[in-house]
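# Structural overview
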Amino acid sequence: MAELARTIQGSMVISVNDIPEMREAFEGLPLGRIGIRYSFGKDRALFEELIIRNRG
């Protein structure tokens, strides 16, 4: 997916968990972070998502 993001002709956006492995895989592409609140039954937790674009 990271290679496709680097070579695709059009615009694209990908959202993945913000973990070191994803940052490494998508290194060199514009990255951003956003907080996402997930619900698991009665529990709610805030997690960070990594937003990857192929254009700045």
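Located above this text is the structure these notes cover.
All figures in this text were calculated on a predicted structure; none of them were measured in a lab.

### Brief notes about the environment of Ser 15
- Tracing the sequence through the fold places Ser 15 in strand 1 (residues 13–17).
- In the structure, Ser 15 is positioned 11 residues away from Leu 4 in sequence and 14 Å away in space, judged by C-alpha atoms.
- Here Ser 15 is in contact with Glu 49, Leu 50 and Ile 51, once residues within four sequence places are set aside.
- Engagement of the side chain of Ser 15 in a polar contact is seen with the side chain of Glu 49, the distance being 2.6 Å.

### What about the side chain of Glu 49?
- Looking at the element boundaries, Glu 49 is found in strand 3 (residues 43–53).
- Notably, Glu 49 is buried but unbridged: the nearest opposite-charge side chain belongs to Arg 33, and the N-O separation is 11 Å.
- A distance of 3.5 Å separates a polar atom in the side chain of Glu 49 from the backbone nitrogen of Val 16.
- Residue contacts for Glu 49: discarding those within four places in its chain leaves Ser 15, Val 16, Asn 17, Asp 18, Gly 32, Arg 33, Ile 34, Ile 36 and Tyr 38.

### Topic: the sheet that holds strand 3
- One open sheet accounts for 3 strands, arranged 1-3-2; its pairing is antiparallel. In the strand order of this sheet, the two ends are held by strand 1 and strand 2 (31–40), each with one partner. Here the average twist between neighbouring strands, direction ignored, is 35 degrees.
- Bridging between strand 2 and strand 3 involves 10 bridges; their strand directions are antiparallel. Each bridged residue has a counterpart across the sheet, and for Arg 37 the counterpart in strand 3 is Leu 46.

The rules we used
- Each residue is numbered by its place in its chain's sequence as written, counting from 1.
- For this predicted model, a pLDDT threshold of at least 70 governs which residues receive local features, and a threshold of 80 or more governs which side-chain atom pairs are given and counted, while totals over whole chains, interfaces and linings are taken from all residues.
- Neither water nor hydrogens contribute to the side-chain values; these are computed over all heavy atoms in the structure.
- For the purposes of this entry, the term helix denotes a DSSP run of H or I that reaches at least four residues, the term strand denotes a run of E that reaches at least two, and both are numbered from the N terminus.
- Here a residue-residue contact requires only that any non-hydrogen atoms of the pair lie within 4.5 Å.
- For this analysis, a polar contact is any N or O atom pair within 3.5 Å, provided that within protein one partner can donate a hydrogen and the other can accept it, and provided that sequence-adjacent residues contribute only side-chain to side-chain pairs.
- Relative accessibility thresholds used throughout: buried, under 20% of the residue-type maximum; exposed, over 50%; partly exposed, between the two (1.4 Å probe, protein chains only).
- In this tally, Lys and Arg are treated as positive and Asp and Glu as negative; His is ignored, and so are the chain termini.
- A carboxyl oxygen of Asp or Glu within 4 Å of a side-chain nitrogen of Lys or Arg is what we treat as a salt bridge.
- When DSSP finds two or more bridges between two strands, those strands count as paired.
- As a rule, the C-alpha atoms of each element are fitted with a line to give its axis, helices using only the stretch in contact, and angles between N-to-C directions run from 0 to 180 degrees.

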